[in-house]
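A closer look at the structure
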Amino acid sequence: MPSVRFFSGETVPLEMHKVRVVQKLTLPDIDTRLAAITAAGNNTFLLQNRDVFMDMLTDSGVNAMSDRQVAAMMVADDSYAGSATYTRLETRLREIFGMDWILPTHQGRACENILAQVLVTPGSIVPMNYHFTTTKAHIVLNGGRVEEIIHARGLEVTSDEPFKGDMDVAALERLVAEHGAERIAFVRVEAGTNLIGGQPVSLANLREVRAVCDRHGLTLVYDASLMADNLYFLKTREAACRDLSIREITRQIADLCDVIYFSARKLGCARGGAICVRDEALYNRMRGLVPLYEGFLTYGGMSVREIEALTVGLDETMDEDMISQGPQFIAYMVGELDRRGIPVITPAGGLGCHIDVMRFLDHVPQAQYSAGALASALYIASGVRGMERGTLSEQRAPDGTEPLANMELVRLAMPRRVFTLSQVKYAIDRIDWLWQNRRLVGGLTFVEEPEILRFFYGRLAPVSDWQQRLVAQFKADFGDSL
Ligand SMILES: *Cc1c(COP(=O)(O)O)cnc(C)c1O
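Conventions and cut-offs
Residues numbered from 1 in each chain as written. Predicted model: local features only at pLDDT ≥ 70, side-chain atom pairs only at ≥ 80, totals over all residues. Heavy atoms only, no water. Core = buried A, V, L, I, M, F, W, Y, C linked by side-chain atoms within 4.5 Å. Buried < 20%, exposed > 50% of the residue type's maximum accessible area, 1.4 Å probe, protein only. Helix = DSSP H or I, 4+ residues; strand = E, 2+ residues; numbered from the N terminus. Contact = heavy atoms within 4.5 Å. 1 Å grid on protein atoms, 1.4 Å probe; cavity = no way out; pocket = protein on both sides within 12 Å on 5 of 7 lines; lining within 4 Å. Points joined across faces, edges and corners; volume = space filled by probe spheres on them. Nonpolar A, V, L, I, M, F, W, Y, C, P; charged D, E, K, R; others polar. Near = heavy atom within 4 Å. Polar contact = N/O pair within 3.5 Å; in protein donor to acceptor, adjacent residues only side chain to side chain. Areas by Shrake-Rupley, 256 points an atom, 1.4 Å probe, with all protein chains shown as cover. Pairing = 2+ DSSP bridges. Axes fitted to C-alpha atoms, helices over the stretch in contact; angles between N-to-C directions. Salt bridge = Lys/Arg side-chain N within 4 Å of Asp/Glu carboxyl O. UniProt positions renumbered as here; feature names shortened; annotations may be inferred. Phe/Tyr/Trp six-rings, centres within 6.5 Å; stacked < 30°, edge-to-face > 60°. Lys NZ or Arg CZ within 6 Å of the ring centre and 35° of its normal. Expected span 1.5 Å × (residues − 1).

Some remarks on the nonpolar core
Ranked by size, the top nonpolar core spans 62 residues in total, and within it Tyr-222, Ile-253 and Phe-262 carry the most contacts. With six residues, helix α8 (residues 227-237) is the largest single contributor of residues to this core. Here Tyr-222 is in contact with Val-189, Ala-191, Leu-206, Met-227, Asn-230, Ile-253, Cys-257, Val-259, Ile-260 and Tyr-261, once residues within four sequence places are set aside.

Describing empty space enclosed by the protein
One pass over the structure, following the stated rule, counts two cavities of 30 Å³ or more. Roughly 80 Å³ of volume is contained in the largest cavity. If you trace the largest cavity, you find it lined by Asn-42, Asn-43, Thr-44, Phe-45, Gly-372, Ala-375, Glu-388, Leu-392, Ser-393 and Phe-455. Looking at side-chain class alone, the lining of the largest cavity contains four nonpolar, five polar and one charged residues. A volume near 50 Å³ is recorded for the second largest cavity. Lining the second largest cavity are Glu-112, Leu-115, Ala-116, Thr-135, His-138, Ile-139, Phe-186, Arg-188, Val-221 and Tyr-261. At the level of secondary structure, the elements contributing two or more residues to the lining of the second largest cavity comprise α4 (108-119) and α5 (133-141). Taken together, the residues of the lining of the second largest cavity sort by class into six nonpolar, two polar and two charged.

Regarding the site of the ligand
Contacts to the ligand come from 13 residues, most closely from Arg-109, Asn-194, Asp-223, Ser-263 and Lys-266. Between Gly-108 and the ligand, the recorded distance is 2.9 Å, taken from a backbone N or O atom to an oxygen atom. Between the ligand and Arg-109 there is a distance of 2.6 Å, counted from an oxygen atom to a side-chain nitrogen or oxygen. For the ligand, whose accessible area on its own is 370 Å², the fraction buried by protein is 98%. With three residues, α4 is the largest single contributor of residues to the shell around the ligand. Here the residues of the shell around the ligand sort into one nonpolar, six polar and six charged.

Observations concerning the sheet that holds strand β13 (residues 387-389)
Reading across the sheet, the three strands line up as β11-β14-β13 and stay open at both edges, with antiparallel pairing between neighbours. The open sheet has two edge strands with one neighbour each: β11 (352-356) and β13. Across the sheet, the mean angle separating the axes of adjacent strands is 30 degrees when strand polarity is ignored. Across three bridges, β13 lies against strand β14 (residues 409-413) in antiparallel orientation. Across the sheet, residue Met-387 finds its bridge partner in β14, namely Arg-411. The strands touched by helix α14 (residues 325-339) are β11 and β14; relative to β11, the strand with the most contacts, the crossing angle is about 25 degrees.

What to know about unusual backbone geometry
In this structure, Pro-347 follows Thr-346 across a cis peptide bond, with omega equal to -5 degrees. You can see Pro-347 is positioned in the loop between α14 and β11. At Asn-42, a position not held by glycine, the phi torsion is positive, near 55 degrees. Structurally, Asn-42 can be placed in the loop between α1 (30-39) and β3 (54-55). Exposure remark for Asn-42: the relative accessible area of 4% places this residue in the buried category. Its identity is not glycine, yet Arg-417 carries a phi of approximately 60 degrees, on the positive side. Along the chain, the position of Arg-417 falls in the loop between β14 and α17 (421-436). On the basis of relative accessible area, Arg-417 is assigned to the buried category, the value being 17%.

Examining the pattern of salt bridges
This structure, assessed with the given rule, holds 36 salt bridges. Its salt-bridge partner being Arg-469, residue Asp-465 comes within 3.1 Å of it at the nearest N-O pair. The exposure class assigned to Asp-465 is partly exposed, which follows from its relative accessible area of 42%. Each of the salt bridges in this network shares a partner with another, and the network as a whole consists of Arg-68, Arg-92, Glu-95, Arg-247, Asp-315 and Glu-316.

Considerations on the UniProt feature "modified residue: N6-(pyridoxal phosphate)lysine" (unreviewed entry) in the protein chain
Per the UniProt annotation, the sites labelled "modified residue: N6-(pyridoxal phosphate)lysine" (unreviewed entry) are Lys-266. The residue Lys-266 is located in the loop between β9 (259-263) and β10 (273-277) in this model. Excluding residues that lie within four positions of it along the chain, Lys-266 makes contacts with Asp-59, Ser-60, Asn-63, Phe-132, Asn-194, Ser-225, Leu-226 and Arg-416.

Some details on the packing of aromatic side chains
All chains considered together, the criterion is met by 14 aromatic pairs. Arranged with centres 5.3 Å apart and planes meeting at 90 degrees, the rings of Phe-53 and Tyr-426 form a pair that is edge-to-face. With a gap of 373 residues between them, Phe-53 in the loop between α1 and β3 and Tyr-426 in helix α17 connect regions that are remote in the sequence. Through pairs of rings, three or more aromatic residues link up here, namely Phe-45, Phe-455, Phe-456 and Tyr-457. A cation sits over an aromatic face here: Arg-430 above Phe-478, 4.1 Å from the ring centre. Its guanidinium or amino end placed over the ring of Trp-435, Arg-438 lies 3.7 Å from that ring's centre, counting from NZ or CZ.

Re helix α12 (residues 304-316)
Across its 13 residues, α12 extends 19 Å between first and last C-alpha, which sits within 8% of the 18 Å expected from 1.5 Å per residue. In terms of residue burial, α12 counts as a mostly covered element, since 11 of its 13 residues are buried. Buried within α12 are the following residues: Val-304, Glu-306, Ile-307, Glu-308, Ala-309, Leu-310, Thr-311, Val-312, Gly-313, Leu-314 and Glu-316. Buried positions along α12 lie against α2 (67-74), α3 (84-97), β9 and α13 (320-323).

Take a look at the structure:
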């Protein structure tokens, strides 16, 4: 997808697709939005979709499909065993990643369940650039622990570092020296590091990680869920990849790995997942768990229609015009917010735009869930639904105290090929208005706090009448109530 400079001087990302199926949206007025977020306990997870204008909660399972994907779904071969549909997926994965052994799953975390059950033993360690929630949960459930060894550059909120997802290779060597290679269950590299803002991993770094694995006989596992974004960043940011096709870059990555797994809710714009394995013996150890947890080996819990869509989606992921849409829209949004002085994570990554709430609402204490408060305020001001990524998403300690998160973020995910640029401009404008009126935003307090997964189901209330004052200011500024 090219960035085009208009005659007026403005530079915009130009969509290389046209929309042929649409879903009607509504923009409820601000009184309705205040009522909806109040009914949802100020928790954006509890909003009803009919009250949401732009759903930027997640990029999982909500990416747009192409005409070719939808057409493929119509010719799916629905059978339990020996399905031609599954053979097409297997062939496609072998062709793209060059690994012979494939296991289908119903989604990404199911891959993690199988990998952890087979490779993680009590007391073992899994070094990784950064954890993902479901990954860590499965490793811990099997008695292992996660060691995050992201490079220090990765945790700087604002920087111009192109590969913030890179692993600290010296730290990996130290871990092996300290604990011994036999304690390391596997080494995990996550493409497009989700929880630190969709930041990519360089090919050079992966190569260094591979060298450490080779020296100590370690298994290298690559979480490719956000690989599409990572591929685009390799093509545009890493000199060694500039003259390679997306397919060639993909193959260079795969050739360095022993196992590649992914959530097809993100990679391939469908729903499902798969584990690709180089070694037949390892494949055989994992295979028995697929019928147990997923379904027979020729569908793994996916519907055949989704498998067909995924097979085509994986092929389309090899097209730079396709994979550049998300990162370019995100870069546009991050650039426009940054230009207005609004604190965002830089450089722009994949996945979405991340607002740095510690700076946005520096007057709201973390103990009053500043990121949750901003997510609530943004919904009131715009009908845009984002996700809190901060203290609210942490667990309370057994003694009742609350660990404060390292970062307070509101994540605004950019589902791939879903929004138009005018919708993105609308979100930018309303965030800008909120920034100008940020002193009106106050904190939140729990009224219902579940013991586990409180961020999914918890209900909160504003600590004062700040939401009424925000609505009054909005009406004063915009005249109408939209
Ligand atoms: C989403 C995600 C997963 C889990 O995939 P699901 O399909 O949601 O189970 C694992 N790893 C990463 C990096 C992800 O982004």
